[in-house]
Amino acid sequence: MAGRRRGPFIAGNWKMNLGLHEARDLARKVVDAEPELRECTTVLIPPFTALETVRGTVAGSAVALGAQNLYWEDAGAFTGEVSAPMLRDAGCAYVLVGHSERRQLFGETDGTVNRKAKAALKAGLVPIVCVGEVLAERDAGRTLERIDEQLARGLESVSGQDLERVVVAYEPVWAIGTGRTASPGQAQEVQAHIRDRIRKSYGNGTADCAIILYGGSVKPANSYPLFKENDIDGFLVGGASLSGLSFLGIAREALRAYGEEK
Ligand code: PGA
């Protein structure tokens with residue numbers, strides 16, 4: 001297979017963690033490591049409350065800011081929600097859409113994922129669209145079918161031009177926060193399938209450039225072999241993104257694998 005030229009994309013999803021001081025400290029550690037991360041796209045995804053603090057800390061660096069969720073309307077009487085234009089205003093370039101915790105705990109569906117992804121694109125944000133099967137689906141041999149469903153519905157009527165701005169994250173639900181990572185082979189099978197679906201719907205150019213992340217118990221010790229797989233372009237990191245040491249360790253391991261491919 002031709003060598004990949006999609007440099008590592010490393011995103012840290014802090015979930016509902018970190019106060020302002022801790023957020024600033026962690027963001028500072030990542031910014032300080034920037035010279036060695038030049039070939040990485042690095043995104044920090046703090047809770048809404050810390051967006052402004054992290055924005056201030058990463059300002060002037062190449063480290064980008066993302067949010068964990070959004071609502072699809074631009075403004076109005078939607079108590080507790082935050083819109084895509086508001087996130088843009090707060091300095092975000094990225095937003096997670098359809099994370100499995102949102103799907104499982106907060107009732108998000110492929111339909112709401114679609115509305116959110118389109119709202120993000122309309123506002124100029126890059127949606128990181130999360131897909132992944134639950135254990136029962138994997139055990140029943142339905143993994144690829146479930147991924148197809150999530151992609152077809154979640155990206156319904158997204159144009160080819162817009163799709164080029166979408167990042168897809170494959171996160172097997174059974175691997176998130178469980179310490180149980182998909183093996184490189186298991187992850188690659190699904191990642192290749194996702195690229196193939198994009199190829200069928202949008203053509204070779206879009207598929208070859210598509211950024212497809214893996215997420216689920218990524219840590220420094222497993223990121224090198226995962227990134228070695230041809231269709232894993234980087235990581236969506238949860239638990240291990242809460243420490244500078246492990247988050248940067250993951251980035252370094254991905255860069256090591258990337259450097260060997262050149
Ligand atoms: P984890 O979470 O790395 O803690 O498994 C990944 C995610 O939820 O994005």
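Look up: the structure comes first, before these words.
Here the structure is a predicted model, which is why all the values come from computation and not from measurement. (Residues numbered from 1 in each chain as written. Predicted model: local features only at pLDDT ≥ 70, side-chain atom pairs only at ≥ 80, totals over all residues. Heavy atoms only, no water.)

### Observations regarding the packing of helix 1 (residues 20-32) against helix 12 (residues 244-261)
Part 1: For the pair helix 1 and helix 12, the least separation of the axes is 10 Å and the interaxial angle reads 30°. When the axis of helix 1 is compared with that of helix 12, the two are roughly parallel. In this structure, helix 1 crosses over helix 12, and the sense of that crossing is right-handed. Note on element contacts: helix 12 touches helix 1 through Gly244, Phe247 and Leu248, opposite Leu26, Lys29 and Val30.
Part 2: Partitioned by chemical class, the residues of the contact of helix 1 with helix 12 number four nonpolar, one polar and one charged. (Axes fitted to C-alpha atoms, helices over the stretch in contact; angles between N-to-C directions. Helix = DSSP H or I, 4+ residues; strand = E, 2+ residues; numbered from the N terminus. Parallel < 35°, antiparallel > 145°, perpendicular 65-115°, else oblique. Left-handed = near helix turned anticlockwise from the far one by under 90°. Contact = heavy atoms within 4.5 Å. Nonpolar A, V, L, I, M, F, W, Y, C, P; charged D, E, K, R; others polar.)

### A closer look at the packing of helix 7 (residues 143-154) against helix 9 (residues 184-202)
Part 1: The N-to-C vectors of helix 7 and helix 9 enclose an angle of 40°; their axes lie 11 Å apart at closest approach. In terms of orientation, helix 7 and helix 9 fall into the oblique class. Like other packed secondary-structure pairs, helix 7 and helix 9 cross with a definite hand, here right-handed. Residue-level inspection shows Thr143, Leu144, Ile147, Asp148 and Leu151 of helix 7 in contact with helix 9, the latter providing Glu189, Val190, His193, Ile194 and Arg197.

### A closer look at the site of the ligand
Part 1: Contacts to the ligand come from 13 residues, most closely from Lys15, His99, Glu171, Gly177 and Ser217.
Part 2: One of the backbone N or O atoms of Ser217 is found 2.7 Å from an oxygen atom in the ligand.
Part 3: The separation between an oxygen atom of the ligand and a polar main-chain atom of Gly239 is 2.8 Å.
Part 4: Burial of the ligand by the protein chains amounts to 96% of its free accessible area of 280 Å².
Part 5: Taken together, the residues of the shell around the ligand sort by class into four nonpolar, seven polar and two charged. (Near = heavy atom within 4 Å. Polar contact = N/O pair within 3.5 Å; in protein donor to acceptor, adjacent residues only side chain to side chain. Areas by Shrake-Rupley, 256 points an atom, 1.4 Å probe, with all protein chains shown as cover.)

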